[in-house]
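Tertiary structure, described
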Amino acid sequence: MEPYGLTTDKGWGCMLRCCQMLVASSLRSSYMSSHPVLTPPTEFDEWILKEFADYPGCRFGMHEIMRVGVELDKFPGEWFGPTTGCRVVEGCLGKVEGEVYEGGRGIEVVVVDEGTVYVDQIEERMKKEEDEEEKKRAAMPVSGDFDPLHNPPPPPPSSVSPWPKSLLLLVPLRLGVSSIDPSFRLPLLQYFTLPQCLGILGGTPRHAIYFYGCSEDGKTLYGKDPHFTQFTPKMVDGVVQITGEYRRSIRGQSVSCKMSGIDPSLALAFYCEGRDDFERLVEEGFKGGICRSARERGDGSNPLFSVMDVRPDFGGDIGNINELLGGFGDDDGAGGESEGEEDYVFL
C-alpha cells in the first residue's frame, strides 16, 4: 500500500475486514431480492471475490477502503471503531454510481447520527435518489418507435412510488460504559429476530467481530472473526485469480462471545428492499419492538435508540425572545433602561 509501505493490515485492519463482511452481506441481500433463488450463481460469487481482492482498483479491497478512510482523516495503520466503520461502508458503496453490479439494485447507505432515526430524513434521502433516476430517464434519447406496446410511456409520477434503490441503515450506538448495560440485552436479542437485521459491527475491546446472531437466551453472540492472517490472492495480467486457496480464505472463523464481554460501542445494520420493507421495520421492528419505551415494555429494558417521524426544527424562528421571557432584563419591569448595566446576549 503506497506510499505507506504497508504489506499487511495485521494489528489494525480488523474493523475494516468486518466492514467488508457487512458490504458483502448487503450486496448478497440486494442480489437475492432481484434474483430470488436459493443460492447465488457462480458468476455473482466470482464477482464478489474479484471486487474484494486487496489490489488497487478493486472496488471493495483494502486499498479502496483506505481511500475512504483518508477522507475521514484515518490513515493506514490506525485502528477504526464502529462509527468510523459505518462511514467507511457509506463511502465505499456511495462511490459506486447506479447499479453496483449488472442486474442488481443500487444500495443507498444512511448512517444515523445522535442515536435517533428520523423517518422523514430517510424519506427525503431516498426521494433524492428517486429524483436522480427521473432525471436520467428524462435525459435518455427518444426512440423513433412511438408504438406504445414497444415503447411504453413512463408511468405518471406518484407521491408514494417505489424506491429506486435498497436501503442500508446503519445505527452506531454506545450501550454502556465498559460493557453492555443489562437493560439493553433483551432488545439486542430482539434485534436479531428482525427480518431486516443484517448484523452488528462490534467485538471485544480492540478486537472487531462481525456478529450475525445470538443464542436463544441472549447470553451469547455468534459472529465471524477476521483475525486470521492469509495471503492476498494472485493477479495475472490485471485479473484476480479465483483459486481454491482464495475461496477457502474468505470463509472466516466462526466465534461465539458472551454478551457480558462485548464492547458497548457497536453499530446495528438494517437492510430494507424498498419503502414497504422500511415502513414495516419502523412500525413493527422499531416502534413495536426494539425502540419501545421502558414504560411500554414493563420488563426493565430500555430502547436501543429513538425513532421519530419528523426531525425537530432546531433552527426555527423563536420570535421576540424578550416577550417570551416576560420582559427579562428590563429595569424594575417598567421597560426603562438601566444605566451602567450591559445588555443580555442570548445564544
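Presented here is an overview of the structure given in this document. From a predicted model like this one, the values you see are computed outputs, not experimental measurements. (Residues numbered from 1 in each chain as written. Predicted model: local features only at pLDDT ≥ 70, side-chain atom pairs only at ≥ 80, totals over all residues. Heavy atoms only, no water.)

Within this structure, the stated rule accounts for 17 salt bridges. In this structure, Arg 17 engages Asp 54 in a salt bridge whose closest nitrogen and oxygen atoms are separated by 2.7 Å. Taken as a pair, Arg 17 in helix α1 (residues 14-34) and Asp 54 in the loop between α2 (42-51) and α3 (62-71) lie far apart in primary sequence, 37 residues in all. This pair shows no difference in class: Arg 17 is buried, exactly as Asp 54 is. (Salt bridge = Lys/Arg side-chain N within 4 Å of Asp/Glu carboxyl O. Helix = DSSP H or I, 4+ residues; strand = E, 2+ residues; numbered from the N terminus. Buried < 20%, exposed > 50% of the residue type's maximum accessible area, 1.4 Å probe, protein only.)

For the rest of this paragraph, the subject is α2. Within α2, the full set of buried residues consists of Phe 44, Trp 47, Ile 48, Leu 49 and Glu 51. Contacts from the buried residues of α2 go to α1 and α7 (244-249). (Contact = heavy atoms within 4.5 Å.)

Within the secondary structure layout, Arg 280 lies in helix α8 (residues 275-290). Put simply, Arg 280 and Gln 196 are 84 residues apart on the chain and 9.5 Å apart in space, counted from C-alpha to C-alpha. Apart from the residues lying within four places of it in its own chain, the contact partners of Arg 280 are Gln 196 and Gly 285.

Time to look at the packing of aromatic side chains. For the coordinates displayed, the defined rule picks out nine aromatic pairs. Here Trp 163 and Phe 278 contribute two aromatic rings whose centre-to-centre distance is 5.6 Å and whose plane-to-plane angle is 40°, an arrangement assigned as tilted. One end of the pair, Trp 163, is in the loop between α5 (119-138) and β3 (165-174); the other, Phe 278, is in helix α8, with 115 residues separating them in the sequence. Both residues of the pair, Trp 163 and Phe 278, count as buried. Above the plane of the ring of Phe 80 lies Lys 74, whose end atom (NZ or CZ) is 5.4 Å from the centre. (Phe/Tyr/Trp six-rings, centres within 6.5 Å; stacked < 30°, edge-to-face > 60°. Lys NZ or Arg CZ within 6 Å of the ring centre and 35° of its normal.)

Our next topic: the sheet that holds β3. Taken in spatial order, the seven strands make up an open sheet running β1-β3-β10-β4-β5-β6-β9, and their pairing is mixed. A strand with exactly one partner marks an edge of an open sheet, and here the two such strands are β1 (106-111) and β9 (253-258). Geometrically, the sheet is characterised by an average inter-axis angle of 30° between neighbouring strands, direction not taken into account. Where strand β4 (residues 197-204) lies against strand β10 (residues 265-272), three bridges are found, and the strand directions are antiparallel. (Pairing = 2+ DSSP bridges. Axes fitted to C-alpha atoms, helices over the stretch in contact; angles between N-to-C directions.)

Structurally, Asp 263 is set in the loop between β9 and β10. The buried charged residue Asp 263 lacks any salt bridge, with Arg 174 as its nearest oppositely charged partner at 4.3 Å. At 2.8 Å, the side chain of Asp 263 forms a polar contact with the backbone nitrogen of Ser 265. (Lys, Arg positive; Asp, Glu negative; His and termini not counted. Polar contact = N/O pair within 3.5 Å; in protein donor to acceptor, adjacent residues only side chain to side chain.)

Our focus in this paragraph is the nonpolar core. If you look at the biggest cluster of nonpolar residues, it comprises 80 residues, and the most contacted ones within it are Leu 27, Tyr 191, Leu 268, Phe 270, Phe 286 and Phe 305. Among the elements that take part in this core, α1 stands out by supplying ten residues, more than any other. Counting five residues, the second-largest nonpolar core is a separate cluster that includes Leu 49, Ala 53, Cys 58 and Val 240. (Core = buried A, V, L, I, M, F, W, Y, C linked by side-chain atoms within 4.5 Å.)

The next thing to look at is α8. In this model α8 runs just 20 Å from its N-terminal to its C-terminal C-alpha over 16 residues, more than 12% under the 22 Å that 1.5 Å per residue would give. Taken as a whole, α8 carries its principal kink of about 30° at Leu 281. For α8, the complete set of buried residues consists of Arg 275, Asp 277, Phe 278, Leu 281, Val 282, Gly 285, Phe 286, Gly 289 and Ile 290. (Expected span 1.5 Å × (residues − 1). Bend = angle between axes of the 7 residues up to and from the residue.)

The element β1 is extensively covered by neighbouring structure, given that six of its six residues are classed as buried. On β1, burial covers both faces: Gly 106, Glu 108 and Val 110 on one face and Ile 107, Val 109 and Val 111 on the other are all buried. Relative to β3, β1 is paired through six bridges, and the arrangement is parallel. Directly across from Val 109, in β3, lies its bridge partner Leu 168.

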